[in-house]
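What follows is each chain in one-letter form.
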Amino acid sequence: MMSTEFVRSYIEAWNAQDPTRVAGHFAAGGTYHDMGELRQITRRNLITHLEEYFSRDSSRYTLVGEVLEGRETIAFQYLASPTGDDLQVSGWMGAEFITLDGDRATRIEDYYRDHLLLARERCAAARNERYAKSGLSPAAREALLQRLGEAMEGERVYLNSMLSLPQLAESLACSINHLSQAINEGHGVGFFDFVNHYRIRDAMRILSLPTACPGILDVALDVGFNSISTFYAAFKRATGKTPAQFRRESLRAG
């Protein structure tokens, strides 16, 4: 695979938010080096890492300038542009340095500004400005939060693995922007973290049952996740334990 074709295919895989395709560009022992967070991730763990990352980030990546080519290395710059709910937030620049063995990467180093912190700061500023003009009064926000709570607690809409912000907004008869504002201001989290809170809560209840418990995959699907790796990442982030660890400790405590 030629250098430009490798980069084109690699960026397309990121834009498709396809962890398996991204990992497919690495050799069996290849490693991805996140220089922004100073993390090294093996090819084996990259798919799980990217599934969690793509669940909260939908940026689109664009090649900037030419692909530079050495004997066994290539380098390129990219522009990451937020999409979806963060369209008003500026993107950030990054650069990747790739060591190749044939048509696969043995090492990819991703250098960028601390875009998570930068994105949060920009996002907060953009949302504050946007929400100031949104027309959602405190009273209207509280009424929307009450309807939202009823949808989550009563109708348990979070069990739908395909639930999206636009879909939920439509069911609540409100705008996407107003629902996003209500969740952010009322709960201090984004849409995905808000929905996953309910899913993890249900999973914890099921995993704590003293009777025969379904398999971990069945639990993940039952509470609204459509990926076991995304479930594991969200569960551990919320509890500090894997689902299996949580189940064992719950049974011992009971």
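Residues numbered from 1 in each chain as written. Predicted model: local features only at pLDDT ≥ 70, side-chain atom pairs only at ≥ 80, totals over all residues. Heavy atoms only, no water.

Participant: Help me out: how do you make sense of the packing of helix α8 (residues 191-207) against helix α10 (residues 228-239) in this one?
Facilitator: Pairs of packed helices are described in terms of their axes, by the angle between the two and the distance that separates them. One way to put it is that α8 packs onto α10 with a least axis distance of 10 Å and a crossing angle of 85 degrees. By the angle between their axes, α8 is roughly perpendicular relative to α10. The segment α8 lies against α10, with D193, N196, I200, A203, M204 and L207 engaging F231, A234, F235, R237, A238 and T239. Per-class residue counts for the contact of α8 with α10 are eight nonpolar, two polar and two charged. (Axes fitted to C-alpha atoms, helices over the stretch in contact; angles between N-to-C directions. Helix = DSSP H or I, 4+ residues; strand = E, 2+ residues; numbered from the N terminus. Parallel < 35°, antiparallel > 145°, perpendicular 65-115°, else oblique. Contact = heavy atoms within 4.5 Å. Nonpolar A, V, L, I, M, F, W, Y, C, P; charged D, E, K, R; others polar.)

Participant: Looking at this model, I keep getting lost on helix α11 (residues 243-253). Mind explaining?
Facilitator: All of the buried residues along α11 are P243, F246, R247 and S250. Along α11, the residues classed as buried sweep out an arc of 100 degrees about the axis, all on the same side. Here the buried face of α11 lies against α8, α9 (216-222) and α10. (Buried < 20%, exposed > 50% of the residue type's maximum accessible area, 1.4 Å probe, protein only. Arc of directions from axis to C-beta.)

Participant: Help me out: how do you make sense of the packing of aromatic side chains in this one?
Facilitator: Here the distance between the centres and the angle between the planes together describe a pair of aromatic rings. Scanning the entire structure with this criterion turns up 17 aromatic pairs. Between F6 and Y10, the ring centres sit 6.1 Å apart and the planes meet at 15 degrees, which makes this aromatic pair stacked. Pair noted here: F6 and Y10 are both in helix α1 (residues 3-15), with a separation of four residues, about one helical turn. Overall, the relative accessible area of 1% leaves Y10 in the buried class. On the numbers, 5.4 Å between centres and 25 degrees between planes, the contact of Y158 with Y198 is stacked. Linking Y158 in the loop between α5 (138-153) and α6 (165-171) with Y198 in helix α8, this pair joins segments that are 40 residues apart in sequence. For Y198, a relative accessible area of 8% translates into the label buried. (Phe/Tyr/Trp six-rings, centres within 6.5 Å; stacked < 30°, edge-to-face > 60°.)

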